[in-house]
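Take a look at the letters that make up each chain.
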There are 4 protein chains.
Amino acid sequence: MKNYKIYCGGEFLETKTILEVRNPYDNTLVATTYLAGKDILELAIDKALQVEKECQELPSYVKYRILMQIVHQLISKKKKLAEILSLESAKPIKYALGEIDRAIQTFTIAAEESKRLPKEYISLDLTAAGNRKEGFVKYFPLGLSAGISPFNFPMNLAVHKIAPAIATGCSMILKPSRSTPLSTLELAMIIDETDLPKGAISIFPMDRQSGNQLVTDERFKLLTFTGSPEVGWKMRTDAKKKKTILELGGNAGVIIAKTCDFDMAVKRCLMGAFAYSGQVCIHAQRIYVEKEIFEEFKEKFIAGARALKAGHPLDTNTDISSMIDEGNAIRVEEWVQEAVNQGAELLIGGKRDGSYYEPTVLTNTNEKMKVSSLEVFGPVVTLEPYSDFDDAVKQVNNSNYGLQAGVFTNNIMEMDLAFNELDVGGVILNDVPTFRVDNMPYGGVKDSGMGREGVKYAIRDMMEAKVLVKPY
Amino acid sequence: MKNYKIYCGGEFLETKTILEVRNPYDNTLVATTYLAGKDILELAIDKALQVEKECQELPSYVKYRILMQIVHQLISKKKKLAEILSLESAKPIKYALGEIDRAIQTFTIAAEESKRLPKEYISLDLTAAGNRKEGFVKYFPLGLSAGISPFNFPMNLAVHKIAPAIATGCSMILKPSRSTPLSTLELAMIIDETDLPKGAISIFPMDRQSGNQLVTDERFKLLTFTGSPEVGWKMRTDAKKKKTILELGGNAGVIIAKTCDFDMAVKRCLMGAFAYSGQVCIHAQRIYVEKEIFEEFKEKFIAGARALKAGHPLDTNTDISSMIDEGNAIRVEEWVQEAVNQGAELLIGGKRDGSYYEPTVLTNTNEKMKVSSLEVFGPVVTLEPYSDFDDAVKQVNNSNYGLQAGVFTNNIMEMDLAFNELDVGGVILNDVPTFRVDNMPYGGVKDSGMGREGVKYAIRDMMEAKVLVKPY
Amino acid sequence: MKNYKIYCGGEFLETKTILEVRNPYDNTLVATTYLAGKDILELAIDKALQVEKECQELPSYVKYRILMQIVHQLISKKKKLAEILSLESAKPIKYALGEIDRAIQTFTIAAEESKRLPKEYISLDLTAAGNRKEGFVKYFPLGLSAGISPFNFPMNLAVHKIAPAIATGCSMILKPSRSTPLSTLELAMIIDETDLPKGAISIFPMDRQSGNQLVTDERFKLLTFTGSPEVGWKMRTDAKKKKTILELGGNAGVIIAKTCDFDMAVKRCLMGAFAYSGQVCIHAQRIYVEKEIFEEFKEKFIAGARALKAGHPLDTNTDISSMIDEGNAIRVEEWVQEAVNQGAELLIGGKRDGSYYEPTVLTNTNEKMKVSSLEVFGPVVTLEPYSDFDDAVKQVNNSNYGLQAGVFTNNIMEMDLAFNELDVGGVILNDVPTFRVDNMPYGGVKDSGMGREGVKYAIRDMMEAKVLVKPY
Amino acid sequence: MKNYKIYCGGEFLETKTILEVRNPYDNTLVATTYLAGKDILELAIDKALQVEKECQELPSYVKYRILMQIVHQLISKKKKLAEILSLESAKPIKYALGEIDRAIQTFTIAAEESKRLPKEYISLDLTAAGNRKEGFVKYFPLGLSAGISPFNFPMNLAVHKIAPAIATGCSMILKPSRSTPLSTLELAMIIDETDLPKGAISIFPMDRQSGNQLVTDERFKLLTFTGSPEVGWKMRTDAKKKKTILELGGNAGVIIAKTCDFDMAVKRCLMGAFAYSGQVCIHAQRIYVEKEIFEEFKEKFIAGARALKAGHPLDTNTDISSMIDEGNAIRVEEWVQEAVNQGAELLIGGKRDGSYYEPTVLTNTNEKMKVSSLEVFGPVVTLEPYSDFDDAVKQVNNSNYGLQAGVFTNNIMEMDLAFNELDVGGVILNDVPTFRVDNMPYGGVKDSGMGREGVKYAIRDMMEAKVLVKPY
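Everything quoted here is computed from the prediction, not taken from an experiment. (Residues numbered from 1 in each chain as written. Chains lettered and ligands numbered in written order. Predicted model: local features only at pLDDT ≥ 70, side-chain atom pairs only at ≥ 80, totals over all residues. Heavy atoms only, no water.)

All chains considered together, the criterion is met by 139 salt bridges over all chains. With a shortest N-O distance of 2.8 Å, Arg116 of chain D and Glu113 of chain A are connected by a salt bridge. You can see Arg116 of chain D sitting in the loop between helix H5 (93–113) and strand E5 (119–123) and its partner Glu113 of chain A sitting in helix H5 (residues 93–113), one on each of two chains. Among the residues examined, Arg116 of chain D registers a relative accessible area of 21% and is labelled partly exposed. A salt bridge links Asp431 of chain C to Arg268 of chain C, with the nearest nitrogen and oxygen atoms 2.7 Å apart. (Salt bridge = Lys/Arg side-chain N within 4 Å of Asp/Glu carboxyl O. Helix = DSSP H or I, 4+ residues; strand = E, 2+ residues; numbered from the N terminus. Buried < 20%, exposed > 50% of the residue type's maximum accessible area, 1.4 Å probe, protein only.)

Attention shifts here to the interface of chain A and chain C. In many reports, interface size means the accessible area that the parts give up when they come together. Residue-level contacts link 61 residues of chain A with 61 residues of chain C. The tally of links between chain A and chain C comes to 8 salt bridges. Residue Lys53 of chain A is joined to Glu421 of chain C by a salt bridge in which the shortest nitrogen-to-oxygen separation is 2.3 Å. At the junction of chain A and chain C, the tally comes to 32 residue pairs in polar contact (both at pLDDT 80 or more). Here the side of chain A that touches chain C gets 8 residues from one element, more than from any other, and that element is strand E24 (residues 463–471) of chain A. Among the residues making up the side of chain A that touches chain C, the classes are represented as 30 nonpolar, 12 polar and 19 charged. (Contact = heavy atoms within 4.5 Å. Polar contact = N/O pair within 3.5 Å; in protein donor to acceptor, adjacent residues only side chain to side chain. Nonpolar A, V, L, I, M, F, W, Y, C, P; charged D, E, K, R; others polar.)

All names here are of chain C. Most of strand E6 (residues 133–141) sits out of view: 9 of its 9 residues are buried. Side-chain alternation along E6 places Lys133, Gly135, Val137, Tyr139 and Pro141 on one buried face and Glu134, Phe136, Lys138 and Phe140 on a second face that is also buried. Sheet topology places strand E5 (residues 119–123) next to E6; 5 bridges connect them, and they run antiparallel. If you follow Ser123 over to E6, its bridge partner there is Glu134. The pairing of E6 with strand E24 (residues 463–471) spans 9 bridges and is classified as antiparallel. Following the sheet pairing, Phe140 is matched in E24 by Glu464. (Pairing = 2+ DSSP bridges.)

Bringing the relation of the copies chain A and chain C into the picture now. The two copies are related by a screw motion: chain A maps onto chain C through a turn of 180° and a shift of 0.0 Å along the axis, at an RMSD of 0.0 Å. Here the transformation between the copies is reduced to the relation of a two-fold axis. Judged by C-alpha distance, Thr237 of chain A is the residue of chain A that lies nearest the rotation axis, at 2.5 Å. Most of the interface of chain A is mirrored in chain C, where 100% of its interface residues again form contacts. (Least-squares fit on C-alpha atoms with pLDDT ≥ 70 in both.)

Moving on, we get to the environment of Glu113 of chain C. A relative accessible area of 8% means that Glu113 of chain C is categorised as buried. Glu113 of chain C sits 39 residues away from Leu74 of chain C along the chain, and the two C-alpha atoms are 19 Å apart. Not counting residues within four places of it along the chain, the set of residues in contact with Glu113 of chain C comprises Arg116 of chain B together with Val455, Lys456 and Ile459 of chain C.

Every contact between the two is made by 26 residues of chain C and, on the other side, 26 residues of chain D. Of all residues in chain C, Tyr121, Asn410 and Ile412 of chain C give up the largest surface area on contact with chain D, accounting jointly for 28% of the area buried on that side. At the surface where chain C touches chain D, the tally comes to 2 salt bridges. The partner of Lys138 of chain D in a salt bridge is Glu134 of chain C, and the shortest N-O contact between them spans 3.3 Å. (Buried area = accessible area lost by both parts, 1.4 Å probe.)

Moving on: the domain arrangement of chain A. Residue and element names in this part refer to chain A. Partitioning chain A into structural domains gives domain 1 (2–248 + 448–471) and domain 2 (252–437). With 29 residues of domain 1 at the interface, the matching set in domain 2 holds 27 residues. Area buried by domain 1 at its contact with domain 2 is led by Tyr25, Phe151 and Ser448, which between them contribute 23% of it. Summed over the shared surface of domain 1 and domain 2, the number is 1 salt bridge. (Domains from an automatic or database assignment.)

Listed as buried for helix H8 (residues 208–216) of chain D are Ser210, Gly211, Gln213, Leu214 and Val215 of chain D. Among the structural elements, helix H1 (38–50), strand E7 (145–148), strand E8 (172–175), strand E10 (222–226) and helix H9 (229–238) of chain D are those in contact with the buried residues of H8 of chain D.

Taken in spatial order, the 10 strands of this open sheet run E14(A)-E17(A)-E18(A)-E13(A)-E12(A)-E20(A)-E21(A)-E24(C)-E6(C)-E5(C), and their pairing is mixed. Only two strands of the sheet have a single partner each, and these edge strands are strand E14 (345–348) of chain A together with E5 of chain C. This sheet shows a mean twist of 20° between the axes of neighbouring strands, independent of strand direction. Along the sheet face, helix H10 (residues 262–274) of chain A touches strand E12 (253–256), strand E13 (286–290), strand E17 (360–363), strand E18 (380–386) and strand E20 (404–408) of chain A and points at about 160° away from the line of E20 of chain A. Here helix H15 (residues 412–421) of chain A sits on the sheet in contact with E20 and strand E21 (426–429) of chain A together with E6 and E24 of chain C, set at roughly 155° to E24 of chain C. (Axes fitted to C-alpha atoms, helices over the stretch in contact; angles between N-to-C directions.)

On to the relation of the copies chain C and chain D, then. Taken as rigid bodies, chain C and chain D are interconverted by a rotation of 180° and an axial shift of 0.0 Å, the fit giving an RMSD of 0.0 Å. Of the interface residues in chain C, 100% have counterparts in chain D that sit at the interface too, so the contact is made through matching surfaces.

It is worth spelling out the side chain of Thr106 of chain C at this point. Along the chain, Thr106 of chain C falls in helix H5 (residues 93–113). Discounting chain neighbours no more than four positions away, the residues touching Thr106 of chain C are Asn156, Val159, His160, Ala163, Asp438 and Val455 of chain C.

Laid out in structure tokens, this is it:
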């Protein structure tokens, strides 16, 4: 049985608290590691502060080299990393491989952006007081940062914090999810082999008290959190003076207009709805279909859902496996039951087996049902017809959340209406809200968060402007 | 009878050669002014070089003040200026008023951009050789510039040269068209009242030899020319070491797809085809209509053309007046006759009365006819059906020119195809190629020119980068 | 006696609570106005939400027109506005005139920036998943915003909130200081005459409960506060989900190196130290002088301080008048006394007369004295010698604050060291930290705040990105 | 003996005209290759046009992959490539290795920039005519390009044309110098192994007639030339409608002020003056030293020049080897002799041995001597004292050329004066004009050229804007 030491201050350590990581699919033990407490966290903070200045002053050619060293290792260990990720999270291997590919991409973009950190040269002579004066705006890393990443993309969502931290010269202590710490601990081993100053990045799962300290300790200048809305907004208040980036979830909507490419829409919606059992921040949860094509869409979509293959995450044929734990599967079961009790029609699915929950499609839902109004974070989707595009936009907007939305149409006016009126961080034309490329600005409005990731955007949030005003 | 002195080196002068400016509509004398020769040009060059350094060093708050002084004067003299412009060019007063509005806009944008001249602060530490080095890129005005502007927008196309020249700190000698020098001489009087160093801008019509000297004299660092393709490309060769911006013409195409807003398309095409008798660089010359709506379009378009009111340019009801001179009207008449002789069908128009030429619509044309392949620069348009959007794009591209094109559609894929495949400087969606806002990049590909105007873009072409590499 | 109605939801209203505004110099009544409570605030919120969509959709040419209407009115009422501002705040009239000039500048920049709101067109084909996809990033106004502005620049610091709000299309409720509400109520009358939708901007002083509601009410999407650090950081925690911009104070340092222009340094330091009795966020509070020139600097500086003319704020000869109230003057008196008791040497000043406090210079101070470690916000400055530039930088950094710093030197290496090592938002070369032009990024690090003002920078903070991902 | 086929249209071909490449140091045959004529050029043009569309549409992830494939091959073949380059050009191996490093850097930057091609999203609603309209500016590759590169940096100056061509999607036919074609033919073999469409890049030396055709043939849309001023400016006139980038030479000046780091200045000036026998566009040709330190500088500089080790280019101890050919050495000898005849004092050097010319230092020169006024392109430098910085700037500017200048000083005012007043493309602070990092904008003013290289800047010159104007 493999045992993973945790990565603290440039060293691989053990603690007294063993943490077992089990495959949610069959509860087999994947590996053991350790939970860190306050002492480990203090050590990590100390080491990070010691190298803070060194990190800040790394020239970009060194940061590029470090980040590309990571890229090359991720490429060479891709299969192994995907398997570990698949086992710890019950993510089907085909998606796990895709996630490693995206982590490679995220580090590559960060490597390139490390040479292109923001800098501005501005005129100040727009007024007599500024005559023959000019300004130079340089951005400096905020310094010690705390990162908290979730179980659902254990690698790439951690990388979206670590990679820009290295690119900017921030040091970071990253807390992965307790359920899925192994892929980031593998990453820790890769990072440790690079030229990055030891202690610049620490990675370890923590007990609750230490996790809280990431939020409250004033030595951290930045908190970047990806997780659930309730936890996130609470942190923002507790974070006091530190800058806070929140990447939270939602109940993303999709609109399918009759002018769209129908087959492509069905295919992409199946992916958006059921990939990784819907445990995705931008999971396609609510689908609105123009009424002329609703019945046909419903039929094809159900057929598609029925064809999905459930199974062991490492099986390359598996489309859908278990959810992260039985507790969540039970919660989803209850929400679906509640919806059916309140009049929703169950088109397919609705059954649970331990931590596995079937691909489930509901119709006749309403905005008061939890499956519609809350973030279901499970393989459940609602399907409703609409007769007017404007109205479909309003329904998508009828939510406390606003991360991304998908719109399938070939009509320019619908495209423009969607872009201008949907209250979300991203509108994905002719694809599901689940679409993301790692250099695009990504993040939510309303209760879905604040700040944007997407390497270049995260970099800006991790740096602070300083201006030099100079006569010439 | 009003007499205009010419504006040279900060003074209003007379020469021995009187230039009569006549209204093309009725040949009445509008005013007299003077043609300049070599001696005047030398004087203007001398004065411009004397103040070159002063212009270059004007702080932006002074340049803003100067440009806004011009804006305020243009606003207060708008009606008078439009009338002069209308009379000298036979441009209907409603369009003349619009042109003054645009000149106001162009100067306003230039005033604002004078505070936002390009500047870059760049990282150089992407390699060990650049470790702890950084770069500052500042743009400096090229210096003495020659501007040559045409008769068809005697004010605003001159302003697109003068305004960015002032904004950047270049000095400029502007040669307006001999036919229409009055509006720019009015502008000269306005400029003379501002805080601009005397001699920074000179404006006067010139004899041929002096006009050539603008192109060949090495003391000019920039030549910016708006006019016909043949003249323009010849100048480029003669310009030797000086930077050259060419804003030439074309035979712009329009595509009308069946998903478009039909009535709007008809209305805008009438404007694009016949405004100022088609004497517009981005005149809508070739209209391709999807075959399902071709007949209806043809009918409505002819009805619209028939309804246009011909008359004296100062009459506010006039839609179309004379062309700039009889020579051009005769040329257009011959081209239309040639097309008809070669099999084109004349749907409306085709008659000439002195320098007036009727709104004319042809169909059954082909690419070899002059009305199709050359720049007609008259109130003539060809109307052809198409069955396939791709093919319509190819027909628009089947030209030596590429300035702008219009596409009326509500289909996203057609929009994208048009944007990516049309070989032009600008694709105007749901409007005619004739559309222009004065801050957009404007200019042609293929034989239609090189360089872009649109204030910010012209500014870049009028400045040159200098980098400071500095250790830190 | 002039009475000012408050500006709420597009109407000028009275309330039951009269607020007397008195000249701090002689306690004479300047004018009366009203204090608003919860009912007024609710009314303002309602009206603002009603016009939220309209504001968001204003085209930039309308926003420009509105903002320039304000500019023109400010120019024409400049003298009157400066007098009111001078009277309510005891700011010497010469500085009050300068503040109106700056407000004019701030609105002008906002007018221009309203046409240049951020927009990005990005490539997404850096990975196969993004093949033939592209992204459009458009920024949308956050919506209803709360602004809280301080007494010390009652006009321009309010304008730094209102002007970008109008430019972006945010609506705003602004709470001016109770001591100095009159200049912004004058501004309200100007705004009311423009084409801005009624209710988009409300301006009124509030009771404590309503002031708190600005911070806690979730209908506000943004809180922008300029004021003291303690109040500001508390608000940040109370603001919950809303975006928060804090422009707080500091104890700015200045370094005077021997290679500098000595006379200019003395002159500018006198301004930075004593202008408006040091009641300026970027007041030059701690001056470090290279030891070779320390004695001479001390002598000249004291002579300069002695020559400052105290008097009535409206007297054009007045250099320094009363502080905002006696409470603050007493506080400053106590801090100076504490410093002297702990060993500081009083070089000049130190006496109080009611709310007037003399220009005061101390030496032999240390970092534990309040006059050194806290924000004195009064006409007090410490003067200390240094022998090593590095060390001077460390002393400036030895503070909880970090707004701006001034450095007088002609040495390139010192310039670079200062820029790279000073922990502040702005380094002002060869001028005092008190220097500000209204388009430069302005804001603090450490306890001095978060976010940047400076129109373009405030605009970014008032908007949120939305991306359209589109295949092509 | 190695024989290199030439690379035309994706194939390695032979022609009837054999070209012998000899080591200038000892005239030994390094390898043979072929000279191409019109038939080969036609073939290359045909193939390039066939793949033009394919190149234009390559997604950036493919362009990145291609460019990084080249990078990896250059890294792995670095030593071999440097040796070939050293032998064909007589460039000392230590400099040849540096050149391969820079080529690696140039391709890496291009790989990254291929994902960041310029794109703009602009507002058009600054006027009522643009209400609810927006613009998208996309840049498209110009298409078939002709590149002509010189002997002195046979690899990296060719790469500065080829790498941005691939990044933008332009196809290119590159003519290397006849003297030094081997390193680019090695590069051709590397390129041929990548996924680049065959025919996109062709590389071969040409006879005079074919070389001329690169300039005059209208199928080429761009000519990018690096070489001598006389040839370059002639080409510009012959190039007719095609865009032309000229990277020409100069007689770069250096200013050494007394506040500088003296030892560093001496050391860097020796490099700038004598590296690769001064056959560098930004060779430090004229050194102006502040009079207080002139004598000491002269002494140390002469001592440094004396210590340079002459020898075989492959010897790692060699500092200076032969010039490119005896003709050039003779020309330099004559120019030096002319200067001495006219009163210049020869401080060291002045002797020729075949194609080897000694490091040579002159003083008492004047602006009329060829060694001062023309581009010496040899190991000759003039050394003159100055008493006033302003005057030194004027002397540097007293030239028809303006590529780069070096300024050694620690004085801020001198730095600013140099940046603002030197008429050059780049001012290098505290280093010689010879300094270049491959991402900085690089190019000359006055007779030194037009346009800028430096990957991102070259990319802009190789693309053309197209705007989509769209209602929304």
